[in-house]
Amino acid sequence: MTDGHSIDRDRLRAGVVECPLCERQIPEPVTHAVVYGAVDTVTAANADAVECPVCDGVTFVG
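In this text, all values refer to a predicted model and were calculated from it rather than measured experimentally. (Residues numbered from 1 in each chain as written. Predicted model: local features only at pLDDT ≥ 70, side-chain atom pairs only at ≥ 80, totals over all residues. Heavy atoms only, no water.)

Pairing within the open sheet is mixed, and its 4 strands lie in the order β1-β4-β3-β2. Where the open sheet ends on each side, the last strands, each with one partner, are β1 (6–7) and β2 (33–34). With 2 bridges connecting them, β2 and strand β3 (residues 49–51) associate as antiparallel partners. Considered in β3, the bridge of A33 is made with V50. (Pairing = 2+ DSSP bridges. Helix = DSSP H or I, 4+ residues; strand = E, 2+ residues; numbered from the N terminus.)

Encoded structure:
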């Protein structure tokens, strides 16, 4: 469950994500995903946050 200020992981997996800050859809959201730590590949399963390419905001994945 998200609180309106985070991105639902299932929506990230489905590739359907709107930025809660600017309310625009993020195209290919996994390509904008961020992991805080060492990983080989950033995926929807290990993403900690998503950066919005429109407003440059960062929203955590819940």
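So that's the structure; there's more coming.
Positive phi, normally seen in glycine, also occurs at E23, with a value near 65 degrees. Tracing the chain through its elements places E23 in the loop between α1 (9–14) and β2. Unusually for a residue other than glycine, E28 sits at a positive phi of about 45 degrees. Looking at the secondary structure, you find E28 in the loop between α1 and β2.

Once that is clear, we can look at the environment of H32. Tracing the sequence through the fold places H32 in the loop between α1 and β2. By relative accessible area, which is 23% here, H32 ends up partly exposed. Sequence-wise, H32 and V42 are 10 residues apart; in three dimensions their C-alpha atoms are separated by 9.3 Å. At a separation of 3.5 Å, a polar atom in the side chain of H32 contacts the main-chain carbonyl oxygen of P27. (Buried < 20%, exposed > 50% of the residue type's maximum accessible area, 1.4 Å probe, protein only. Polar contact = N/O pair within 3.5 Å; in protein donor to acceptor, adjacent residues only side chain to side chain.)

In the predicted model, the chain carries a mean pLDDT of 92, and 94% of its residues have values of at least 70. Element-level mean pLDDT values for the chain span from 94 in β1 up to 97 in β3. (pLDDT = per-residue confidence, 0-100.)

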